[in-house]
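In case you want the letters, here they are:
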Amino acid sequence: MNGNVRRRVSVRVISTLILTAVLALLPPILYHDLIYGKFFLEDAAKDIANQYLNGTRWIHLGAIAAIWLVNLVFFIVNQKKSDSGKQLISRTRLQNFLNVLLIVCSVAAMIGYRYALSSDVWIGLLFGTADNIKLIVWMPYWVVAACGLFLWRFCMCAAPATNCHVKWLLAKWLDAPMTRAERTR
Amino acid sequence: MKKFVLVAIGGTGMRVAQSLVALAASGFLSDLCGKDAEYLLEIRLVDLDIVAGSDKIELEEMIRAVNDAIPQLSVIVDEDTADSRWKAKGIDGMMSLQPPIDDRSTINDLVREGYLSEAESLAYHALFAEDDRTMVLRRGCKGRPRIGSLLWAEHFDLDWSNRSGFWQSIFGDIGVDDELRVMFAGSVFGGTGASGTPTLAQKFVRACRKGDIGNTAPFARHVALTLMLPYFDVGQDTDVDSGLFSINSKMALKYYETSEILSEVEFAQFVGDDRRQMEKKDEQGSWKRVRLDRASRADEGQNDPSMPAELMAAIGVCRYFAGDIPKADNVYRKVYVPLKWSSANSERSIAPEEAVPLDRFDYFPVSNGGADAGAVRSVSDYILRLERFCLMLGSYYRTSAAIRMPWKYRPEVFRTVWTKRKELLDMYDSRIDGVGAALAFAESMFRWLEELDHHGMHDLLLIEGDDKHNTPHIQKAVEDAAREGSTRFDLFSIPCSQITTKMNSTRVDPRGATKYFVSSLMECCVLRVQ
């Protein structure tokens, strides 16, 4: 049984780690050119764009890493305690609260960084006023929130500790064979 | 193949048998016999006590509980630990030898005094007082061996020639090349056991050697005796005069010393203990002194609690069955084992030096002669694994199943075994789709453990609570933890969280999920030395 515990834990930890790496590194690369292209061609605007994208990339990475870390701590605690009932309910509530807090903080950190970079009104000065341009330029905010949200739900619903319920269907389908004894016996 | 038969005689014999059943269920006997050893274990009951609630009925219920649970206890859930898994053993056969008595039978009815000659009648009156002659036999001989001795010798002769009878059926499923080990267990101080044990053992050995019916001579080789010396007291207001236990024992021992019985058997063990008052838990859960007198209800049998001395005797029985008899240079020797006393050399007949708590049984090495030396590391672990199992199955998981809460916060193993459903407790308790049979087994074992705990083994079992230190009963503590979902407690060196972690990842076959649940839990309750 120890072997099966190790196997299930390894699968969950590794899948979460891979997803974290993907969510932390890939989105900033993917949206970089898109956002950079929306800034005016003036040197000042491009300079701000570079700093903005560079800063938000690190904030994004840090935020995703922090969310992963918080969930990893809860994973370890859950795995170690392997409890249920009221104890698990209160810990799950705390985990949810901390995840929401981190997501809000990461968006706030990006907004704060933008103000730290330049407290001027950016719309119309550094990039166009169209709604779709605003949506793209502010993409780091909602992408970090979306990535954080997805990672949080993945950690809790697809790859939780083995004392917690796997809710996502695909994860359930993958996990089910690991709790099935061989029928040849 | 090997066959082990315990002939349990009288109330004490029944309770030794209860301890043997528990040790066999804990896997102790299987491990002691060695890897891949195949054997049959039978218990044969000899008693007069036919009243419900007696030791005999309790033993029969215990055996039924173990045997019903065996299908759930025997699944190999993990190939990696298959060799070191808990090999629970049920009882392969059970039969009773009972003289033809009814609720009102007395020795007068059996002797039929009217048919005796004058000389016989005089002798009968000289040997048996009015009190003896009119005592109702339905509750046994009540510490009066003179009554039992009259019954057993005659009854043996009547039954021996019956092919399907009590004695001949012992040989029914074995050949002359198979190993048969027969242990007779009873007290030296009571009534039924004190009279039946030497009489029946001697008659069995001699009848086997004689071989009137079939080739039974080889079966006389391995016959042994377990004789219990006084180890308990009962109240003054009972039919049993426990004040006579000592004198009865001295007389019996004198008889053993002078008769040939000890030289005719292969092995004999005498087990005694400090005499302590016996108490039994009533329906309300409070401990009451054991008393049995004429004021007892007609349907109230002699039901005494299990005591540590019986467990010691059962350990000796297992060792005999497994061929683990103390010997030096291949010669059997007399061993004096002071289990509750520490002394420089525990195997010599020297005065004990210092009393020690009865919290382990490793004062002498337990092995099976070297073939698998080390398979049995500690007798106490076999007892504690039973306790862990009882607590986890009957208290922790049962309480978890009983409380109302969202399914996602229930122990994950429930989802693996039963999938989401409304009335989980009904399912859990069910004998068909749940673990009902294993629960009955756990309850039976826990009753045995609790009685041992109450009568001197608390240092090991830690079951009863203590008002002085504000410690709750262990079942209550575990149930309280389960109600919170907490795993912050240890079950005798195994953290509860370790058990639940393994159980949450247990592998089950959907066709027999509950069997896997029970067997997995058993494996989790085995203390594996790292």
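What you are looking at is a predicted structure, and each value in this text was computed from that prediction instead of being measured.

A. Molecular detail of the overall build of chain B. Check the secondary structure of chain B and you find 18 helices and 16 strands. Relative to its full complement of 530 residues, chain B shows a buried share of 58%. Sequence separation of 24 or more characterises 74% of the internal contacts of chain B that already satisfy a separation of 6 or more. Surface exposure of chain B reaches about 22,100 Å², of which carbon and sulfur atoms provide 48%.

B. Looking closely at the confidence of the model for chain B. All names here are of chain B. Residues with a pLDDT of 70 or more make up 83% of chain B, whose mean pLDDT is 82. For chain B, per-element mean pLDDT is lowest for strand β13 (residues 341-342), which scores 62, and highest for helix α16 (residues 474-484), which scores 95. Confidence drops under a pLDDT of 50 for residues 368-374, and excluding neighbours within four residues, the segment shows 9 contacts in the predicted structure.

C. Representation of the side chain of Ser26 of chain B. All names here are of chain B. Position of Ser26 among the secondary structure elements: in the loop between α1 (10-25) and α2 (28-33). In this structure Ser26 comes out as buried when scored by relative accessible area, which is 0%. Apart from residues lying up to four places away in sequence, Ser26 is in contact with Trp86, Tyr382, Arg385 and Leu386.

D. Summary view of the environment of Ser96 of chain B. Tracing the sequence through the fold places Ser96 of chain B in strand β3 (residues 93-97). Sequence spacing of Ser96 of chain B and Lys56 of chain B is 40 residues, and the spatial spacing of their C-alpha atoms is 9.6 Å.

E. Spotlight on the interface of chain B and chain A. On the chain A side, the residues contacting the 35 residues of chain B number 31 residues. A buried area of about 2,900 Å², summed over both sides, lies between chain B and chain A, and 48% of it is on carbon and sulfur atoms. On the chain B side of the interface with chain A, the three residues burying the most area are Tyr409, Ser505 and Arg507 of chain B, jointly 23% of the side's total. At the boundary of chain B and chain A, one finds 1 salt bridge. Where Lys86 of chain A meets Glu484 of chain B, a salt bridge forms, and the shortest distance between an N and an O atom there is 3.6 Å. Viewed at the interface, chain A and chain B are joined by 17 residue pairs in polar contact (both at pLDDT 80 or more). Secondary-structure elements contributing two or more residues to the side of chain B that touches chain A are α13 (412-418), α16, α17 (496-504) and α18 (513-524) of chain B.

F. Geometry of unusual backbone geometry. For Ser82 of chain A, which is not glycine, the phi torsion reads 50° and is therefore positive. Position of Ser82 of chain A relative to the elements: it lies in the loop between α2 (43-81) and α3 (85-117). With a relative accessible area of 3%, Ser82 of chain A lands in the buried category. Phi at Ser493 of chain B takes a positive value of approximately 75°, unusual for a residue other than glycine. Within the secondary structure layout, Ser493 of chain B lies in the loop between β15 (490-491) and β16 (494-495).

G. Structural view of a nonpolar patch on the surface. Together, Ile14, Ile18, Val22, Leu25, Leu26, Ile29 and Leu30 of chain A give the surface a local cluster of nonpolar side chains, amounting to about 680 Å² of exposed area. Secondary-structure assignment places Ile29 of chain A in helix α1 (residues 2-36).

H. View of the nonpolar core. Within the largest apolar cluster, 158 residues are counted, with the highest numbers of intra-cluster contacts made by Trp167, Phe184, Phe204, Phe389 and Phe517 of chain B. Among the elements that take part in this core, helix α12 (residues 379-402) of chain B stands out by supplying 13 residues, more than any other. Phe517 of chain B has contacts with Leu393, Tyr397, Val413, Phe414, Val417, Trp418, Tyr428, Val435 and Met503 of chain B, leaving out every residue within four places of it along the chain. Counting residues in each nonpolar core, the second largest holds 42 residues, with Val107, Met110, Met139 and Cys155 of chain A among its members.

I. Representation of the packing of aromatic side chains in the model. All told, the structure shown has 36 aromatic pairs over all chains when counted by the stated rule. Ring centres of Trp122 of chain A and Trp138 of chain A lie 6.2 Å apart, and the angle between their planes is 40°; on these two criteria the pair is classed as tilted. Separated by 16 residues along the polypeptide, Trp122 of chain A in the loop between α3 and α4 (131-137) and Trp138 of chain A in the loop between α4 and α5 (139-158) bring together distant segments of the chain. Note on Trp122 of chain A: relative accessible area 2%, which makes it buried. A centroid spacing of 5.9 Å and a plane angle of 70° characterise the contact between Phe154 of chain A and Trp168 of chain A, whose relative ring orientation is edge-to-face. With Phe154 of chain A in helix α5 and Trp168 of chain A in the loop between α5 and α6 (169-175), this residue pair connects regions lying 14 residues apart in the sequence. You can call Trp168 of chain A partly exposed: its relative accessible area is 29%. Clustering of aromatic rings is evident, with ring pairs tying together Phe156, Trp160, Phe166, Trp167, Phe171, Phe184, Phe204 and Phe219 of chain B.

J. Looking closely at the packing of α12 of chain B against α18 of chain B. All names here are of chain B. One way to put it is that α12 packs onto α18 with a least axis distance of 9 Å and a crossing angle of 130°. Here α12 is positioned oblique relative to α18, judged by the angle of their axes. In this structure, the crossing between α12 and α18 has a hand that is right-handed. Residue-level contacts link Phe389, Met392, Leu393 and Tyr397 of α12 to Phe517, Val518, Leu521 and Met522 of α18.

Parameters and conventions
- Throughout this document, residue positions are counted from 1 along each chain, in the order its sequence is written.
- Chains and ligands are labelled by the order in which they are written, letters from A for the one and numbers from 1 for the other.
- Residue-level local features of this predicted model are given only where pLDDT is at least 70; pairs of side-chain atoms are given and counted only at 80 or more, and the full residue set underlies all totals for whole chains, interfaces and linings.
- Heavy atoms throughout the structure, all of them, feed into the side-chain values; hydrogens and water do not.
- Helix numbering and strand numbering both begin at the N terminus, where a helix is a DSSP run of H or I of at least 4 residues and a strand a DSSP run of E of at least 2.
- Only protein chains enter the accessibility calculation, which uses a 1.4 Å probe. A residue is then buried if its area is under 20% of the maximum for its type, exposed if over 50%, and partly exposed in between.
- Note on definitions: a residue-residue contact is assigned when non-hydrogen atoms from the two residues lie within 4.5 Å.
- The protein chains shown are the only cover counted for residues, whose accessible areas, like all others here, come from Shrake-Rupley with a 1.4 Å probe.
- What pLDDT expresses is the predictor's confidence in each residue, scored from 0 to 100.
- Accessible area, probed at 1.4 Å, shrinks when two parts are joined; the buried area is that loss added up over both.
- Criterion for a salt bridge: a side-chain nitrogen of Lys or Arg within 4 Å of a carboxyl oxygen of Asp or Glu.
- Here a polar contact is recorded for every N or O atom pair within 3.5 Å, except that within protein the pair must consist of a potential hydrogen donor and a potential acceptor, and residues adjacent in sequence are included only if both atoms are side-chain atoms.
- Residues with no salt bridge and a relative accessible area higher than 30% make up the patches, which join like charges within 9 Å and nonpolar side chains (Val, Leu, Ile, Met, Phe, Trp, Tyr) within 5 Å.
- Grouping buried Ala, Val, Leu, Ile, Met, Phe, Trp, Tyr and Cys residues that are joined through side-chain atoms within 4.5 Å yields what is termed a nonpolar core.
- Between rings of Phe, Tyr and Trp, where Trp is taken as its six-membered ring, a pair exists when centres lie within 6.5 Å; planes separated by under 30 degrees are stacked, by over 60 edge-to-face, and by other angles tilted.
- Throughout, an axis means a line fitted to C-alpha atoms (over the contacting stretch in the case of helices), and angles, computed between N-to-C directions, take values from 0 to 180 degrees.
- We call two directions roughly parallel when the angle between them is under 35 degrees, roughly antiparallel when it is over 145, roughly perpendicular when it lies between 65 and 115, and oblique otherwise.
- It is the rotation of the near helix from the far one that decides the hand of a crossing: anticlockwise by less than a right angle makes it left-handed, clockwise makes it right-handed.

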